[in-house]
Amino acid sequence: MALNTFQRLRDLEFGYQALAALYLCERMYPNYELFHQVTKFGDPQPLRGALNACWDWSWQGKKVKVNFGRWQEKVDDVTPSEHGHDMLGVYPAMDACTAISIMLQGFMDNNSADLVSVAKISQAGVAKFLELTEGAELDAEARRKLTREHELAVYEVEVQQALIDFLEAMQASKAAPSQAMVRQLQEMVVTEGITNIGMERDSEA
């Protein structure tokens, strides 16, 4: 039996786990951006700034000084709550903030479990989105089936597996995280063209 996505992530070295978490956060980020555009709540800049700083850190390490705790405070300050926002988009926006905040915590504590949690948040966010949209009128069993078999749910797992394939190959080749690798991952996010819930992303992002 093939290892599941989360176990494969656990088996990566910390530097590659960091790249995986960044990639998945980058895919979720536009969900917050759209929520902000529609509601005028919050500010995407702390999320964007945190991601940019962490991408730089991911390949330069101690050469760049990143205050993960301060970035986490900034992200937490603009995180929406489902209370007061009667719209579906609040949940993917919350997920983006939560994922980035947990990733920053993982970087602060050198804790790979937090980085694996980012993948779990992204998958759970897709399931929640499906439950609230196409699954809203279904019974519990049909809803479970939907969140397992819907093309968005299947695609989310495929994206994560493909990401890990890439990182496993880099790790096997003994290639340390580099600027070229980071740029390749960032280009992969843009080329994919959609967020984890299937929303088209701005090609300029």
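Our subject is the structure listed above.
It should be emphasised that the depicted structure is a prediction, and the values quoted were computed from it without experimental measurement. (Residues numbered from 1 in each chain as written. Predicted model: local features only at pLDDT ≥ 70, side-chain atom pairs only at ≥ 80, totals over all residues. Heavy atoms only, no water.)

Engineer: I'd like to hear about the environment of Glu-168, residue by residue, with values.
Structural biologist: With respect to the element layout, Glu-168 can be found in helix H8 (residues 151–172). Assessed through its relative accessible area of 31%, Glu-168 is described here as partly exposed. Each C-alpha atom of the pair Glu-168 and Arg-70 lies 31 Å from the other, and the pair is 98 residues apart in sequence. Discounting residues that sit within four places of it in the chain, Glu-168 has contacts with Arg-8 and Leu-12. Side chain to side chain, Glu-168 and Arg-8 meet in a polar contact 2.7 Å long. (Helix = DSSP H or I, 4+ residues; strand = E, 2+ residues; numbered from the N terminus. Buried < 20%, exposed > 50% of the residue type's maximum accessible area, 1.4 Å probe, protein only. Contact = heavy atoms within 4.5 Å. Polar contact = N/O pair within 3.5 Å; in protein donor to acceptor, adjacent residues only side chain to side chain.)

Engineer: How would you summarise the packing of aromatic side chains if you had to cite specific residues and measurements?
Structural biologist: Tallying each qualifying case throughout the model produces four aromatic pairs. A ring pair is formed by Trp-57 and Phe-107, whose centres lie 4.6 Å apart and whose planes are at 40°; its orientation type is tilted. With Trp-57 in helix H3 (residues 45–60) and Phe-107 in helix H5 (residues 90–109), the pair connects residues that are 50 residues apart, well separated along the chain. Connected via pairs of aromatic rings, a cluster forms that spans Trp-57, Phe-68 and Phe-107. We note Arg-48 situated over the ring of Tyr-29; from NZ or CZ to the ring centre the distance is 4.9 Å. (Phe/Tyr/Trp six-rings, centres within 6.5 Å; stacked < 30°, edge-to-face > 60°. Lys NZ or Arg CZ within 6 Å of the ring centre and 35° of its normal.)

Engineer: Got a sec to walk through the side chain of His-150? Specific residues and values, please.
Structural biologist: Mapped onto the secondary structure, His-150 falls in the loop between helix H7 (140–149) and H8. The exposure class assigned to His-150 is buried, which follows from its relative accessible area of 14%. Dropping the residues within four chain positions of it, His-150 is found in contact with Leu-130, Glu-134 and Lys-145.

Engineer: Report on the pattern of salt bridges, specifying residues and quantitative values.
Structural biologist: Taken as a whole and judged by the stated rule, the model has eight salt bridges. A salt bridge links Arg-8 to Asp-165; the nearest nitrogen and oxygen atoms lie 2.5 Å apart. Here Arg-8 is found in helix H1 (residues 5–10), whereas its partner Asp-165 is found in helix H8, with 157 residues between them in sequence. Residue Asp-165 is classed as partly exposed on the basis of its relative accessible area of 43%. The closest approach of N and O atoms between Glu-73 and Arg-70, which form a salt bridge, is 3.0 Å. (Salt bridge = Lys/Arg side-chain N within 4 Å of Asp/Glu carboxyl O.)

Engineer: Help me get a handle on the nonpolar core, residues and values and all.
Structural biologist: Soluble, globular proteins show a tendency: their nonpolar side chains are buried together. In this structure, Leu-47, Ile-100, Met-103 and Leu-167 are the most contacted members of the largest nonpolar core, which totals 51 residues. Taken together, the elements giving at least two residues each to this core come down to H1, helix H2 (14–39), H3, helix H4 (68–77), H5, helix H6 (112–132), H8 and helix H9 (179–192). Among the elements that make up this core, the one with the highest residue count is H2 (13 residues). For Leu-47, the residues in contact, after removing those within four places along its chain, are Tyr-29, Tyr-32, Val-75, Val-78, Ala-96, Cys-97 and Ile-100. Grouped together as the second largest cluster of nonpolar side chains are eight residues, Val-126, Leu-130, Leu-152 and Ile-197 included. (Core = buried A, V, L, I, M, F, W, Y, C linked by side-chain atoms within 4.5 Å.)

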